[in-house]
Amino acid sequence: MEFPYYPINDFGPAMKGMIIGGLGIFHVFLAQFAIGGGMLMCYFQWLSQTGREPAAREALDGYFKFLVLVSFVTGALTGVGMWFTAIQISPRTIGMMVEEFHWIWATEWTFFCLEIAAGYAYYRHGAGLSDPARMRLLVLYSVAAWFSLFWVNGILSWQLTPGGWAPGGNVWAGFFNPSFWPSLLYRTFASTSIAALVACVVVNAHPRLSLAQRDAVIHRAAHFLIPMVLMPFLGLWYLYTLPPDSRAWALGGSAAMTLFTGVAAGASLFVGLYALIGLNLQRLTINGATATLLLGLAFVATGGGEFVREGVRKPYTIRAALFSNSIKPDEIAELRRIGSVTRDPYPLRDAARYPNDQVRLGAKVFRFQCSVCHTLSGANGLVHLAGTWTPDQMRLNIAKLQQTKPFMPPFSGTADELEALVQMIAWAKAGSPSEWPSSNEIATIVQIDRWLQEAGISPGWYRERKQ
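Residues numbered from 1 in each chain as written. Predicted model: local features only at pLDDT ≥ 70, side-chain atom pairs only at ≥ 80, totals over all residues. Heavy atoms only, no water.

- Per an unreviewed UniProt entry, the protein chain goes by the name Cytochrome c and belongs to Tectimicrobiota bacterium.

Dropping the structure here:
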């Protein structure tokens, strides 16, 4: 077996997941704003050209400039940044996504190009066009933006709920997976909600609109918040489609996942109640500060939801096909036989700082199997997580890692590599001294090997379900 090794970058004390997760949340929020913003601009144009809300034309032109500045420029930069960081952190995951869905990615990019072209044409020539021509351009922009979401949503939801897909099998079975429709509808309504809240902020700051005109346009925009009444039902539908172990983590099985699920649901509920009761039923006047606060809560809800979506996938990045450390389930047995880093061609950075070959081996094992989700002593650091364990406790817990913590993948190396990892963690906890004794007792290696065999190579949730 030829395992594909990649020269993965290190981000110091920052966990790799924090880098791509933070950038991803920011990008998703901007992308959803662009999608909902297109629909809202069509609505404003229709209000203007039918005479129902004359001030909507002025608001539309001001809103679109804001949309162009934020979503086109920042969204495009963060989109490129997502590809760049994904390649740096987990090239095998992004490689498998492209391999399976390259034509769908290409289709999505086609719609994205159409979105950019329609938006740019409106930006340059919209003011001089007739109302029907403006509407056609805005509808084209809006449809292209929504179909970008349609195609990307199928790929992202496939990572967690691949359904009847198997590697090399039917692409459409993976694309139209069990969580495809609830995810698509939820994101669509999230997009319209974000667009409406941005409109509340932008219109409040519009210098050429009177207070009465601002109030009228804002309450028109608030109509885009009404679909939020459906979001709790869509959220429950989405949870129902998740694998039982993933659903359990979001609903109490994992403190972090449950906390972020609560944060996302609570923030969405607050925004939804204010929008429905305050803006649409009681027609309250909303000022810029309140609108900005609601928009901030929408960002918190988006961040919490994306954190949970990423977190409940563990121990996989692609359910049942690729573990979070980029090892496939059917590769573990072979890596345990020959060693996970035996053929790793990439040298350690600053290898001379390690005191002996065993600690150097442990550092390579850490880089290969652990570093995508952990640092050594920074965020989510192994020294903090395992530093209080005794050496034997560390050996046992790592050997039976998927049973110690079911959201972790099985250890995929030899007993010698596991002992090297234990020694590397202990050396780091001791302050990284220049000298460190090697641990090579046969009885220790035999015991680790026995624990590895007892743990097996199946993920923890699989064993839990069989019991």
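### Concerning the UniProt feature "domain: Cytochrome c" (unreviewed entry) in the protein chain
Here comes step 1: Annotation from UniProt places "domain: Cytochrome c" (unreviewed entry) at residues 358-423.
Here comes step 2: Across residues 358-423 one finds 61% helix and 0% strand; the C-alpha atoms that close the span lie 8 Å apart. (UniProt positions renumbered as here; feature names shortened; annotations may be inferred. Helix = DSSP H or I, 4+ residues; strand = E, 2+ residues; numbered from the N terminus.)

### Observations concerning the side chain of histidine 374
Here comes step 1: Relative to the helices and strands, histidine 374 is located in the loop between helix H13 (357-370) and helix H14 (382-386).
Here comes step 2: There is a polar contact of 2.9 Å between the side chain of histidine 374 and the backbone oxygen of asparagine 380. (Polar contact = N/O pair within 3.5 Å; in protein donor to acceptor, adjacent residues only side chain to side chain.)

### Let's talk about empty space enclosed by the protein
Here comes step 1: For the structure on display, the rule yields 1 cavity of 30 Å³ or more.
Here comes step 2: Forming the boundary of the largest cavity are Asn204, Leu211, Arg214, Asp215, Ile218, Thr285 and Ile286.
Here comes step 3: Ranked by residues supplied to the lining of the largest cavity, first place goes to helix H7 (residues 211-221) with 4 residues.
Here comes step 4: Of the residues contributing to the lining of the largest cavity, the split by class is 3 nonpolar, 2 polar and 2 charged. (1 Å grid on protein atoms, 1.4 Å probe; cavity = no way out; pocket = protein on both sides within 12 Å on 5 of 7 lines; lining within 4 Å. Points joined across faces, edges and corners; volume = space filled by probe spheres on them. Nonpolar A, V, L, I, M, F, W, Y, C, P; charged D, E, K, R; others polar.)

### Some words on the pattern of salt bridges
Here comes step 1: Evaluation of the coordinates by the stated rule reveals 17 salt bridges.
Here comes step 2: In this structure, the salt-bridge partner of aspartate 245 is arginine 319, at a minimum N-O distance of 2.9 Å. In this pair, aspartate 245 sits in helix H9 (residues 244-253) while arginine 319 sits in the loop between strand E1 (316-318) and strand E2 (322-323), placing the two residues 74 residues apart along the sequence.
Here comes step 3: Across the pair glutamate 334 and arginine 337 runs a salt bridge whose closest N-O atoms are separated by 2.8 Å. Here arginine 337 and glutamate 334 lie together in helix H12 (residues 332-338), a separation of 3 residues that amounts to about one turn. (Salt bridge = Lys/Arg side-chain N within 4 Å of Asp/Glu carboxyl O.)

### Comments concerning the state of the cysteines
By definition, a disulfide links the sulfur atoms of two cysteine residues through a covalent bond.
Here comes step 1: Tallied over the entire structure, the rule returns 0 disulfides.
Here comes step 2: Not part of a disulfide, cysteine 200 finds its nearest cysteine sulfur in cysteine 42, a span of 18 Å.
Here comes step 3: When its relative accessible area of 0% is taken as the criterion, cysteine 200 is described as buried. (Disulfide = S-S within 2.5 Å. Buried < 20%, exposed > 50% of the residue type's maximum accessible area, 1.4 Å probe, protein only.)

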